[in-house]
Amino acid sequence: MKKKVLVTPHKTMIGEEIKASLKFSKHFEVVEDTNPYNVIDNPEGWHTKTLEQVWNEDIDFVIPAHDEVMYRLSFRDSISIERKLIFSIEPGLRDIWRFKSKTYENFPEVSPEIFDGKRNEADDYFVKPDNGQGSRGARRCYYDEALLLWDNERLVITEYLPGKEFTVDCFSDQGELKFISTRRRVETINGISSNTRLTETTTRIRYIAELIMQRLKPKGTWFFQVKQDASGELKLLEIAPRIAGSSAINRFNNVNLTELSLWRKTGKSVEVVPQDFCTEYKRKLGKTEYATNSISNVIYTDLDDTLTMDGTPNHLLLGKLHQKMYQKCQVIILTRSTIFEMNPWIADLDHDFGRPTYVHHDKDKNFFMMPGSLLIDDSFRERNAVI
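Computed from a prediction, not measured in an experiment: that's the story for all the values here.

1. Focus on empty space enclosed by the protein
Summed over the entire model, instances satisfying the criterion amount to one cavity of 30 Å³ or more. In this structure, the largest cavity spans a volume of roughly 130 Å³. As for the largest cavity, its lining consists of 13 residues, and the residues nearest its centre are Asp 67, Trp 97, Arg 98, Ile 239 and Ala 240. Those elements giving two or more residues to the lining of the largest cavity turn out to be α3 (67–73), α4 (94–98), α5 (100–106) and β11 (234–240).

2. Description of the layout of surface pockets
In this structure, the second largest pocket occupies an estimated 290 Å³ of space. Taken together, 20 residues line the second largest pocket, and the ones lying closest to its centre are Ser 88, Ile 89, Glu 90, Lys 219 and Arg 264. Where the lining of the second largest pocket is concerned, the elements lending two or more residues are β10 (220–228) and α9 (257–265). Of the residues in the lining of the second largest pocket, the class split is nine nonpolar, four polar and seven charged.

3. Notes on the pattern of salt bridges
Taken as a whole and assessed by the stated rule, the structure comprises 26 salt bridges. With its nearest N and O atoms 3.5 Å apart, the salt bridge here joins Glu 52 to Lys 49. Taken together, the residues span about one helical turn, with Glu 52 and Lys 49 both in helix α2 (residues 43–56) at a distance of three residues. Glu 52 sits in the partly exposed class, given a relative accessible area of 36%. Between Arg 336 and Glu 382 there is a salt bridge, and its shortest N-O distance comes to 2.6 Å. Of this pair, Arg 336 sits in the loop between β17 (330–335) and α11 (346–353) while Glu 382 sits in helix α12 (residues 380–386); the two residues are 46 residues apart in sequence, bridging distant segments of the chain. The exposure class assigned to Arg 336 is buried, which follows from its relative accessible area of 13%. Because the salt bridges share partners, they merge into one network encompassing Arg 336, Asp 364, Arg 381 and Glu 382.

4. What to know about the sheet that holds strand β3 (residues 61–64)
Strand order in this open sheet of three strands is β2-β1-β3, and the pairing throughout is parallel. Lying at the two open borders of the sheet, with one neighbouring strand each, are β2 (28–32) and β3. When strand polarity is set aside, the average angle formed by the axes of neighbouring strands in this sheet is 30°. Bridge count for strand β1 (residues 3–8) against β3 is four bridges, and the pairing is parallel. Along β3, the bridge assignment pairs Thr 8 with Pro 64.

5. Some thoughts on the sheet that holds strand β4 (residues 125–129)
Backbone hydrogen bonds hold the strands of a sheet together, and the pairing may be parallel or antiparallel. Pairing in this open sheet of three strands is antiparallel, and the strands run β5-β4-β6 from one edge to the other. Edge positions in the sheet fall to β5 (139–141) and β6 (155–159), since each of these pairs with one other strand and no more. The mean angle between the axes of side-by-side strands here comes to 30°, regardless of whether they run parallel or antiparallel. Judged from the three bridges that link them, β4 and β5 form a sheet pairing that is antiparallel. Its bridge partner lying in β5, Val 127 is registered against Arg 139.

6. Focus: unusual backbone geometry
For the bond running from Thr 8 to Pro 9, omega is -10°, close enough to zero to count as cis. Positionally, Pro 9 belongs in the loop between β1 and α1 (13–22). At Lys 217, a position not held by glycine, the phi torsion is positive, near 50°. Here Lys 217 is to be found in the loop between α7 (203–216) and β10. Residue Lys 217 is classed as exposed on the basis of its relative accessible area, which comes to 56%.

7. Regarding α9
Among the residues of α9, Leu 257, Thr 258, Glu 259, Leu 260, Ser 261 and Leu 262 are the ones counted as buried. Within two residues after α9, Gly 267 carries a phi angle of roughly 95°, on the positive side.

Analysis parameters
- Residues numbered from 1 in each chain as written.
- Predicted model: local features only at pLDDT ≥ 70, side-chain atom pairs only at ≥ 80, totals over all residues.
- Heavy atoms only, no water.
- 1 Å grid on protein atoms, 1.4 Å probe; cavity = no way out; pocket = protein on both sides within 12 Å on 5 of 7 lines; lining within 4 Å.
- Points joined across faces, edges and corners; volume = space filled by probe spheres on them.
- Helix = DSSP H or I, 4+ residues; strand = E, 2+ residues; numbered from the N terminus.
- Nonpolar A, V, L, I, M, F, W, Y, C, P; charged D, E, K, R; others polar.
- Salt bridge = Lys/Arg side-chain N within 4 Å of Asp/Glu carboxyl O.
- Buried < 20%, exposed > 50% of the residue type's maximum accessible area, 1.4 Å probe, protein only.
- Pairing = 2+ DSSP bridges.
- Axes fitted to C-alpha atoms, helices over the stretch in contact; angles between N-to-C directions.

Shown next as structure tokens:
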């Protein structure tokens, strides 16, 4: 039976990525929240209704898809929801994750210069909410305005950083940083990348990641953002113990950060084996586009739980495979199932892709594959065997 995973709130960009990460999982089932309350406008009502849904629908895991939700739930350890939480915050460290002023206070060696009431050489500053999300309320300003806003405790004023901005996606387990991937934020909408491009993870970025590991000891998926100052040095902007909205680019490269965090929560040992298929990811008007490195013109696909889901056709994958066939790619079905002929639509697969190749259980699928070809399979073990 699939484990039930409540995503709250499910309509945020983060929530959409979490749902997409688990859409075809045979282990986890997404449950969308039904909460009528907003966590910011009515936190008590929101909390009560969330707990009701958790217990009434026998939810196994809760994934917060908003920073304020995560922060609010970190105060509720006494209500035994903590054991279900993915992307949870250690109570003693919650303010460092949530408030930028506390982040900068605890990471002074890599943070931007904080406005101290004195005019800097550039006369250029940046003001943003201390506990904001996305880019809401954030803007560039100059000395006179910065001085007027200086005593507002809800705002943070720093030097203006004019350079390139990057998001760094991370996954850690048992005190070890198991995955780190850097991507440039080429275009953003409300603080979330609408166009993101993979780039090099520099020594400076690794240094910042190790500082966060040492001081905050994050578990599971987390990320941080950095931006270049006027001299090109990267400064820390923010940190968060969750997936980033455009971390989908990692899924396209064999790293499903949401699922990894769920498996880690169950106590299972996890392995991360990133690939380099996708180099750029764009999301506009509800559509996604991605740029890839050269992919083989021979594609192998598993049948059960890949080309079929719960015994019915996976139309999304079928459509992609037909598209590849029109691009002169060869598609070959591999299966370990001995009853695949019982599928009523298997004749259509024979017509389109040729008869499936049966793989005996004592052999790896790469025994049947051409060198340099591509395998699509729901099984990490099967995929890993051909890398």
